[in-house]
Amino acid sequence: MGKRALDDVVSRRRICESLNLPPHVLGVTDPTHTDHRAMLQFGESTVRLAEIGRQSGHASEAVSELWPLVARLEARVDDGHTERDVLHLLARARVGLGVALGNVLPEERLATAGHWTAKGLEIAEYFDDPRMTSYVLRMHGAAERSTGRILSAARRRGCAVWWLPAHRAG
C-alpha cells in the first residue's frame, strides 16, 4: 500500500467530517472566516509596525508589541491550530522578537535573542519559501554574530545566500 499526501483542503475537510474532528486539527481554516482573517491582519500589522519601531530606535516598544503576539500565536499552535498562514506569521514574529531583543538586552543576555530567531528558523525551514528562509537565516546569523559566534553566523549567512532564488537558479 502506498501513502497518500493530504495536500488538498477538500480531502482534509472530508476526513475531519468523517472522524468528527474540528477542521483546524488538520490545518484547515475557512479563509473567509472573519475572526481568522482579522487575527492574521492584526498580527501582520503588529510585526510590520514593530520592525519600523525597532529600526527607528524604539526596540523596547517593539518587544512590548511582539511578545504578546508570539505568546498568543504559540498558544494557538499548541491548541492544534497549525494553519500555514498562522505558522508563517509566528515565524516572522519570533524572528522580529529576537532581533528586537538583540537591540535591548545587555551583552551577557544576547543568547536569548538568538534563541528566538532560532525558533523562527525552525518554522521557516518547514516551508519551501526561499525568500522567507533566507531572511530568517540572515537575521539568525546576525543574532549569532552579536553573541560572538562568528563561525556559526558566517555559516548561517552563507546558507541565506544559497536560499536566495537567483542563486539557486544559477
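Residues numbered from 1 in each chain as written. Predicted model: local features only at pLDDT ≥ 70, side-chain atom pairs only at ≥ 80, totals over all residues. Heavy atoms only, no water.

Asker: Please explain the overall build of the protein as it appears in this structure.
Answerer: When helices and strands are counted, the protein shows eight helices and zero strands. Of all 170 residues assigned to the protein, the portion counted as buried reaches 37%. Expressed as a percentage of contacts within the protein between residues at least 6 apart in sequence, the contacts between residues at least 24 apart total 52%. Here the protein displays about 10400 Å² of accessible surface, and carbon together with sulfur accounts for 55% of that area. (Helix = DSSP H or I, 4+ residues; strand = E, 2+ residues; numbered from the N terminus. Buried < 20%, exposed > 50% of the residue type's maximum accessible area, 1.4 Å probe, protein only. Contact = heavy atoms within 4.5 Å. Areas by Shrake-Rupley, 256 points an atom, 1.4 Å probe, with all protein chains shown as cover.)

Asker: In this structure, what is going on with the pattern of salt bridges? I would like to understand it.
Answerer: Side chains carrying opposite charge are able to pair once their charged atoms draw close together. The full count for this structure, using the stated rule, is five salt bridges. Across the pair R54 and E51 runs a salt bridge whose closest N-O atoms are separated by 2.7 Å. Of this pair, R54 and E51 both sit in helix α2 (residues 34-55), three residues apart, which is roughly one turn of the helix. The network of salt bridges with common partners includes E74, R94 and K119. (Salt bridge = Lys/Arg side-chain N within 4 Å of Asp/Glu carboxyl O.)

Asker: For this particular structure, what's the right way to read the packing of helix α4 (residues 84-104) against helix α5 (residues 110-124)?
Answerer: When two helices pack together, their arrangement is given by the angle between the helix axes and the distance between those axes. The N-to-C vectors of α4 and α5 enclose an angle of 165°; their axes lie 7 Å apart at closest approach. Taken as axis vectors, α4 and α5 run roughly antiparallel relative to one another. Crossing handedness for the pair α4 and α5: left-handed. When α4 is examined against α5, the residues L87, L90, A91, R94, V95, L97, G98, V99, L101 and G102 are found in contact with a partner set consisting of L110, T112, A113, W116, T117, K119, G120, E122, I123 and A124. In terms of residue class, the contact of α4 with α5 is made up of 12 nonpolar, five polar and three charged. (Axes fitted to C-alpha atoms, helices over the stretch in contact; angles between N-to-C directions. Parallel < 35°, antiparallel > 145°, perpendicular 65-115°, else oblique. Left-handed = near helix turned anticlockwise from the far one by under 90°. Nonpolar A, V, L, I, M, F, W, Y, C, P; charged D, E, K, R; others polar.)

Asker: Hey, could you run me through the packing of aromatic side chains in this one?
Answerer: The geometry of an aromatic ring pair comes down to the distance between the two centres and the angle between the two planes. Considering all chains together, one arrives at one aromatic pair under this definition. Look at W67 and W116: their rings are 5.5 Å apart centre to centre, the planes differ by 80°, and that puts the pair in the edge-to-face class. Of the two residues, W67 is situated in helix α3 (residues 59-78) and W116 in helix α5; the sequence distance between them amounts to 49 residues. (Phe/Tyr/Trp six-rings, centres within 6.5 Å; stacked < 30°, edge-to-face > 60°.)

Asker: Any chance you could explain the confidence of the model for the protein here in plain terms?
Answerer: Averaged over every residue, the pLDDT of the protein is 78; the share at 70 or more is 74%. Predicted confidence in the protein is weakest over helix α8 (residues 165-169), with a mean pLDDT of 51, and strongest over α3, with 94. (pLDDT = per-residue confidence, 0-100.)

Asker: Can you walk me through the nonpolar core in this structure?
Answerer: Side chains of nonpolar character tend, in soluble globular proteins, to be buried together. Counting residues in each nonpolar core, the largest one holds 30 residues, and the members touching the most others are L73 and L97. At the level of secondary structure, the elements contributing two or more residues to this core comprise α2, α3, α4, α5 and α6 (130-146). Element by element, the count of residues in this core is highest for α4, at 11 residues. When neighbours within four sequence positions are excluded, L97 is seen to be in contact with V63, L66, W67, V70 and W116. (Core = buried A, V, L, I, M, F, W, Y, C linked by side-chain atoms within 4.5 Å.)

Asker: Please explain the environment of R92 as it appears in this structure.
Answerer: Along the polypeptide, R92 turns up in helix α4. For R92, a relative accessible area of 24% gives the class partly exposed. C-alpha of R92 to C-alpha of T117: the two residues are 25 residues apart in sequence and 9.0 Å apart in space.

Asker: I tried to follow the environment of E61 on my own but got confused; where do I start?
Answerer: Within the secondary structure, E61 sits in helix α3. We classify E61 as partly exposed; its relative accessible area is 43%. Along the chain, E61 and A100 lie 39 residues apart, while their C-alpha atoms are 8.9 Å from each other.

Asker: Honestly, the packing of α3 against α4 in this entry has me stumped. Any pointers?
Answerer: Across the interface, α3 lies against α4 with an axial gap of 8 Å and an inter-helix angle of 145°. When the axes of α3 and α4 are compared, the crossing they make is left-handed. Contacts between α3 and α4 involve A59, S60, A62, V63, L66, W67, L69, V70, L73, E74, R76 and V77 on the former and, on the latter, V86, L87, L89, L90, A93, R94, G96, L97, A100, L101, N103 and V104. Per-class residue counts for the contact of α3 with α4 are 18 nonpolar, three polar and three charged.

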